[in-house]
Amino acid sequence: SIFEMNFYKKIKIEKDLKNEKSNRYVKDDGFLIHSSGRSDLWKIGINVIKKNETIFSYGPQGDKQIFNKLKNDNSLENSRAIKWSTNISNGLLYTYLSGGILSLVLIISIYILIIKEIIFAIFFNGVFKKKSKTEIVSIFCLIYLCFRSLYENGFAVFSTDYILLVINFFNLYKFNLN
């Protein structure tokens, strides 16, 4: 049965844990975690923001600076979460921690501009009716890059993502001007 299979799998994991400490995919009790640990990192980042009421920032790579400080913290929850990563893995949180409230407002403005161009291309300029392949690809690329920045630092850090974002945005912007 499924229960027996899970029970034996749990025993095997427990034996493996005795040989090697837990990792980010297996808790100390032997149960598998179906997470990469990002949600724990986000919680830590949000708690730091709330606790410190930061308006400005921690400077370049602010997330890394915070995690390095917290590594010395005796909190078991923090030490487990940041044991495997020193990257907040969220473009919005990274921007806020590294550049403060002004940077957060700027990146939200970028999202708003992208959404505006996509809406204009689809609903007002009929990109799908005109079968404009390049612009349709640009729409999907922009959507992908925006969602990617929610689960990864994305265009907030990675120059390749940023270049793709700029090229696709201006392609769609040019289409909407016509």
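About the cut-offs
- Residues numbered from 1 in each chain as written.
- Predicted model: local features only at pLDDT ≥ 70, side-chain atom pairs only at ≥ 80, totals over all residues.
- Heavy atoms only, no water.
- Axes fitted to C-alpha atoms, helices over the stretch in contact; angles between N-to-C directions.
- Helix = DSSP H or I, 4+ residues; strand = E, 2+ residues; numbered from the N terminus.
- Parallel < 35°, antiparallel > 145°, perpendicular 65-115°, else oblique.
- Left-handed = near helix turned anticlockwise from the far one by under 90°.
- Contact = heavy atoms within 4.5 Å.
- Nonpolar A, V, L, I, M, F, W, Y, C, P; charged D, E, K, R; others polar.
- Buried < 20%, exposed > 50% of the residue type's maximum accessible area, 1.4 Å probe, protein only.
- Polar contact = N/O pair within 3.5 Å; in protein donor to acceptor, adjacent residues only side chain to side chain.
- Salt bridge = Lys/Arg side-chain N within 4 Å of Asp/Glu carboxyl O.
- Phe/Tyr/Trp six-rings, centres within 6.5 Å; stacked < 30°, edge-to-face > 60°.
- Lys NZ or Arg CZ within 6 Å of the ring centre and 35° of its normal.

**Some words on the packing of helix α5 (residues 91–124) against helix α6 (residues 133–151)**
For step 1, the next point in the chain: Axis separation between α5 and α6 bottoms out at 11 Å; the angle between their running directions is 155 degrees. As judged from the angle between their axes, α5 and α6 are roughly antiparallel. Handedness of the crossing formed by α5 with α6: left-handed. In contact with Gly91, Leu92, Tyr111, Ile114, Ile118, Ala121 and Ile122 of α5, α6 contributes Ile139, Leu142, Ile143, Cys146, Ser149 and Leu150.
For step 2, the next point in the chain: Here the residues of the contact of α5 with α6 sort into 11 nonpolar, 2 polar and no charged.

**So, the environment of arginine 38**
For step 1, the next point in the chain: Within the secondary structure layout, arginine 38 lies in helix α2 (residues 38–52).
For step 2, the next point in the chain: Take arginine 38: its relative accessible area is 26%, and that puts it in the partly exposed class.
For step 3, the next point in the chain: With 50 residues separating them along the chain, arginine 38 and isoleucine 88 place their C-alpha atoms 7.2 Å apart.
For step 4, the next point in the chain: Contacts of arginine 38, omitting those with residues within four sequence positions, involve Ser89, Tyr151 and Glu152.
For step 5, the next point in the chain: A distance of 2.7 Å separates polar atoms of two side chains, one belonging to arginine 38 and the other to glutamate 152.

**With respect to the pattern of salt bridges**
For step 1, the next point in the chain: Applying the stated criterion to the full structure yields 3 salt bridges.
For step 2, the next point in the chain: Between glutamate 117 and lysine 116 there is a salt bridge whose closest N-O contact spans 2.7 Å.
For step 3, the next point in the chain: What makes lysine 116 partly exposed here is its relative accessible area of 37%.

**Quick word on the packing of aromatic side chains**
For step 1, the next point in the chain: Counting across every chain of the model gives 6 aromatic pairs.
For step 2, the next point in the chain: Ring geometry for tryptophan 42 against tyrosine 151: centres 5.8 Å apart, planes inclined by 50 degrees, an arrangement best described as tilted. Taken together, the residues tryptophan 42 in helix α2 and tyrosine 151 in helix α6 connect sequence positions 109 residues apart.
For step 3, the next point in the chain: Measuring from centroid to centroid gives 5.8 Å for tyrosine 111 and phenylalanine 155, while their planes differ by 55 degrees, and the two rings are tilted. Remark: phenylalanine 155 occurs in the loop between α6 and α7 (159–177) and tyrosine 111 occurs in helix α5; sequence separation between them is 44 residues.
For step 4, the next point in the chain: Among the residues examined, tyrosine 111 registers a relative accessible area of 11% and is labelled buried.
For step 5, the next point in the chain: For phenylalanine 155, a relative accessible area of 6% gives the class buried.
For step 6, the next point in the chain: Over the face of the ring belonging to phenylalanine 120 we find lysine 116, whose NZ or CZ atom lies 5.2 Å from the ring centre.

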